[in-house]
Amino acid sequence: MRALKAFFRSPPAIIGLLLVLAVVAMGLAAPLLYPNDPLGLAGRPLQWPGANPRFPLGTDPSGRDIAAQLFHGARISLLIGFVATSIAVVIGIGIGAVAGFYGGAADTVLMRLTEAFQTLPNFLLLLVLVAVFGSTMEVVTVAIGLVSWPPVARLTRAEFLSLRTREFVYAARIQGLPDWHLIFREVLPNALPPVIVYASVVMAVAILLESSLAFLQLSDPNVPSWGNLIGLGRSVLRTEWYVSAIPGVAILLAILGVSLLGQGLNDALNPRLAPR
Amino acid sequence: MRVLALAGRRLAASLPTLVLILVGLFLLLQLAPGDTVDALMAQMGGGDAALAEDLRRFYGLDLSIAARLGQYLLRLVTLDLGFSAIYGKPVATVILERLPATLLLMAAALSFAFFFGLVLGVLAARRVNRWPDTLISTLGLIFYATPSFWFGLMAIVLFSVHLQWFPAGGFYEIGEGLTGLALTLDIARHLVLPTLTLGLIFLAIYLRIMRASMLEVLSLDFVRTARAKGLTETRIVTRHVLRNAMLPMITLIGLQAGTMLGGSVVVETVFALPGLGRLAYESVVQRDLNTLLGIVFVSALLVIAINFLVDLLYAKLDPRIVSGG
């Protein structure tokens, strides 16, 4: 309750929450407002925003409704962002928990693996994965999850290292409880809050990675993604720059919302760490 | 010398990591449907199976996976990255041609982000919770959330198309035959927008870290001592606080070297810069997996090298690290 109150006293946190809710609402409203295929032909290409009341945000070089793509794109960004983040968090917690709980050889091997992933540029590894497995939406989502887990693993490991020597863990161990019980029922619940807060950073990066990939036309071309639309707008950038400009604002606001929300949660849950 | 030994030990520890990366990537690429020969045949407009067979033997693609992995690692030791069928030259040559543009861009973006991140972070911390702080922190948040490729495109629209201050792409004016100082200035002009674009998100991160770390250090006892001695606030910040507050920023440079390289893929593609990142993008599109693998290898080396330099710098700024072990 105290955390909740602290959260709602911070204007940035509320702005973040509103932005995220707005993107979610856009995603939910998409099939109601624009029941037709957003990638289907809608009208004359390259109509400026406001020029035709049927297309408040104009049309793209292929004559598709930009507003429809924007609404449907919210679904894609949220879906890929959320699933990829979940994958990264599950892998990260798994590896971090085992490394931190057992220490020794397991820790050494797993941390080497984590280092290997951190030495490789994220986006380059993502390119390799897409080059190898193709660029369907499923592959892109899993690939983003696969390149995003190392920081989560490090954070989880650090939490486990400090928690595993606490009295309540010893007490449970002395009762003869198995390791999985110690990991999942005793340590993990206490290690989880900072990891969940960090997930907001992972999600912001995941949305950015997906839109970068789509911008390079290396993501799934059959889904209406914001990045995709920006990439398509490049060919008409000199004159019809609005095609690229509009979806970029959507990405910016979505990432801003997720970051602010995460920061607000962090400040509310760890009041000692809150900025002075 | 102890500094070098310490950093050298860290460098040696990264060797197993490198081997792990290479083996993992090599095995991963074996899963790719279609190899270089398929891509080559497609470019030639098709051909019969016998020709494909010959080409496979020529590129050594007919051996077992284990044998090829062994060969690959052995060749890497001699820095032989294989042959790029698409470019018709050794991969190492292709990469070396592309490396300078990327290094220049990264150095420029890092300097820009570091310098302005430092200055803005210090300004925000000095006026904490007043309007300059609020303004700088808000800007930082917005920069952090701005997708670099979008910022790059908008910069082109504003500064190249409408204001015509800077060129929209390329590394230098081809066909002008510039040399010496004129060429340097021309390259610098071409790099202004890419530098801003790549550096923006790092600027946001650095200023946030710098602000937090300044606030932390400003509350320490030795700062109170310095104040009690009657030093001016400027002298306290420049002589006592800055050096300590910079340490987390230095750490970040090492941690984010890889992110920056990844970011250069997008930025170099937007501005048509002939760098490593654009090469990576092209080799994905052209299925030139030999080159892609080479780029990843060189990038990993680059990240390790940057971290080595960061270790040296860190030890120089904070002598406690060397004496403490």
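Residues numbered from 1 in each chain as written. Chains lettered and ligands numbered in written order. Predicted model: local features only at pLDDT ≥ 70, side-chain atom pairs only at ≥ 80, totals over all residues. Heavy atoms only, no water.

**Looking at the overall build of chain A**
Summing up its helical and strand segments, chain A has 11 helices and 0 strands in all. Tracing chain A from N to C terminus, the helices and strands come up as α-α-α-α-α-α-α-α-α-α-α. Expressed along its principal axes, the backbone C-alpha trace of chain A runs to roughly 75 × 45 × 35 Å. With 276 residues in all, chain A has 52% of them scored as buried. Taking as baseline every contact in chain A between residues at least 6 positions apart, the subset at least 24 positions apart corresponds to 70%. If you sum the accessible surface of chain A, you get close to 12200 Å²; carbon and sulfur atoms cover 67% of it. (Helix = DSSP H or I, 4+ residues; strand = E, 2+ residues; numbered from the N terminus. Buried < 20%, exposed > 50% of the residue type's maximum accessible area, 1.4 Å probe, protein only. Contact = heavy atoms within 4.5 Å. Areas by Shrake-Rupley, 256 points an atom, 1.4 Å probe, with all protein chains shown as cover.)

**What about the overall build of chain B?**
Summing up its helical and strand segments, chain B has 14 helices and 2 strands in all. Dimensions along the principal axes, computed over C-alpha positions, put chain B at roughly 85 × 55 × 40 Å. Long-range pairs, those at least 24 residues apart, make up 73% of the contacts in chain B with a sequence separation of at least 6. When the accessible surface of chain B is summed, it comes to about 15600 Å², and 67% of that surface belongs to carbon and sulfur atoms. Of the side-chain charges in chain B, 25 are positive and 20 negative, and the distance between the mean point of each set is 17 Å. (Lys, Arg positive; Asp, Glu negative; His and termini not counted. Charge placed at Lys NZ, Arg CZ, Asp CG, Glu CD.)

**Remarks on helix H11 (residues 247-270) of chain B**
Residues and elements named next belong to chain B. Along its 24 residues, H11 runs 33 Å from first to last C-alpha, staying within 8% of the 34 Å computed at 1.5 Å per residue. At Gln256, H11 shows its largest kink, close to 50 degrees. Within H11, 20 of the 24 residues are buried, which leaves it mostly tucked inside the rest of the structure. At the exit of H11 stands Ala272, carrying a positive phi of roughly 50 degrees. (Expected span 1.5 Å × (residues − 1). Bend = angle between axes of the 7 residues up to and from the residue.)

**Here we look at the interface of chain A and chain B**
Contact with chain A, which involves 41 residues of that partner, is made by 52 residues of chain B. In total, about 4100 Å² of surface goes out of reach between chain A and chain B, with carbon and sulfur atoms giving 78% of it. Along the contact surface separating chain A from chain B lie 0 salt bridges. Among the secondary structure elements, those contributing two or more residues to the side of chain A that touches chain B are helix H4 (104-119), helix H5 (122-133), helix H9 (179-215) and helix H11 (242-269) of chain A. Considering every element that reaches the side of chain A that touches chain B, the biggest residue donor is H11 of chain A, with 11 residues. Its residues placed into classes, the side of chain A that touches chain B shows 29 nonpolar, 7 polar and 5 charged. (Buried area = accessible area lost by both parts, 1.4 Å probe. Salt bridge = Lys/Arg side-chain N within 4 Å of Asp/Glu carboxyl O. Nonpolar A, V, L, I, M, F, W, Y, C, P; charged D, E, K, R; others polar.)

**Some thoughts on the environment of Ser235 of chain A**
All names here are of chain A. For Ser235, the location among the structural elements is in the loop between helix H10 (226-233) and H11. C-alpha separation for the pair Ser235 and Ala268, spaced 33 residues apart in sequence, amounts to 45 Å. Within the structure, Ser235 has its side chain in polar contact with the backbone oxygen of Leu232 (distance 3.0 Å). (Polar contact = N/O pair within 3.5 Å; in protein donor to acceptor, adjacent residues only side chain to side chain.)

**Details of the packing of aromatic side chains**
The full count for this structure, using the stated rule, is 7 aromatic pairs over all chains. Judged by centre distance (4.5 Å) and plane angle (20 degrees), the ring pair of Phe215 of chain A and Phe149 of chain B falls under stacked. Of this pair, Phe215 of chain A sits in helix H9 while Phe149 of chain B sits in helix H7 (residues 148-162), on two different chains. Here Phe215 of chain A matches Phe149 of chain B in class, with each residue buried. Plain terms: the ring middles of Phe114 of chain B and Tyr206 of chain B are 6.0 Å apart, the flat faces sit at 70 degrees to each other, and that makes the pair edge-to-face. On the criterion of sequence distance, the pair formed by Phe114 of chain B in helix H5 (residues 91-126) and Tyr206 of chain B in helix H8 (residues 180-218) is long-range, its members being 92 residues apart. The class for Phe114 of chain B is buried, based on a relative accessible area of 17%. (Phe/Tyr/Trp six-rings, centres within 6.5 Å; stacked < 30°, edge-to-face > 60°.)

**Some words on the packing of helix H7 (residues 150-163) of chain A against H9 of chain A**
All names here are of chain A. Relative to each other, H7 and H9 sit at 145 degrees, their axes nearing to 9 Å. Where H7 crosses over H9, the handedness of that crossing is right-handed. Here Pro151, Val152, Leu155, Thr156, Glu159, Phe160 and Leu163 of H7 come into contact with H9, specifically with Ile183, Val187, Leu188, Asn190, Ala191, Pro194, Val195, Tyr198 and Val202. Split into classes, the residues belonging to the contact of H7 with H9 amount to 13 nonpolar, 2 polar and 1 charged. (Axes fitted to C-alpha atoms, helices over the stretch in contact; angles between N-to-C directions. Left-handed = near helix turned anticlockwise from the far one by under 90°.)

**Topic: the confidence of the model for chain A**
In this model, chain A carries an average pLDDT of 85, and 97% of its residues clear a pLDDT of 70 or more. At the low end of the mean pLDDT range in chain A sits helix H1 (residues 2-9) of chain A, at 78; at the high end sits helix H6 (residues 137-148) of chain A, at 92. (pLDDT = per-residue confidence, 0-100.)

**Notes on the pattern of salt bridges**
Residues and elements named next belong to chain A. Summed over the entire model, instances satisfying the criterion amount to 8 salt bridges over all chains. When the shortest N-O distance is used, the salt bridge between Arg112 and Glu115 registers 3.8 Å. One end of the pair is Arg112 and the other is Glu115, both in helix H4 and 3 residues apart, which spans about a single turn. According to the relative accessible area criterion, Arg112 is partly exposed, its value standing at 28%.

**What to know about the nonpolar core**
Among the nonpolar cores identified, the biggest contains 156 residues, and Phe123 and Leu127 of chain A together with Leu25, Met210 and Met214 of chain B are the most heavily contacted of them. The next biggest cluster of nonpolar side chains, apart from the first, holds 24 residues, and it includes Val89, Ala97, Met111 and Leu182 of chain A. (Core = buried A, V, L, I, M, F, W, Y, C linked by side-chain atoms within 4.5 Å.)

**Observations concerning unusual backbone geometry**
Phi at Gln217 of chain A is positive, roughly 65 degrees, even though this residue is not glycine. Along the polypeptide, Gln217 of chain A turns up in the loop between H9 and H10. Although it is not a glycine, Ala272 of chain B sits at a positive phi angle of roughly 50 degrees. Its place among the elements puts Ala272 of chain B in the loop between H11 and helix H12 (276-285). Relative accessible area serves as the criterion here: at 38%, Ala272 of chain B is assigned to the partly exposed category.

**Section: a nonpolar patch on the surface**
Side chains of Phe115, Phe116, Val119 and Leu123 of chain B sit close together on the surface and give an oily, nonpolar patch of about 350 Å² of accessible area. Among the secondary structure elements, Val119 of chain B is positioned in helix H5. (Patch = residues over 30% accessible without salt bridge, like charges linked within 9 Å, V, L, I, M, F, W, Y side chains within 5 Å.)

**Topic: the side chain of His190 of chain B**
The residue His190 of chain B is located in helix H8 in this model. Discounting chain neighbours no more than four positions away, the residues touching His190 of chain B are Pro167, Gly169, Gly170, Phe171, Tyr172 and Glu173 of chain B.

**A word on the confidence of the model for chain B**
In this model, chain B carries a mean pLDDT of 82, and residues with pLDDT of at least 70 account for 91%. Mean pLDDT across the elements of chain B ranges from a minimum in helix H2 (residues 36-44) of chain B, with 67, to a maximum in H5 of chain B, with 89.

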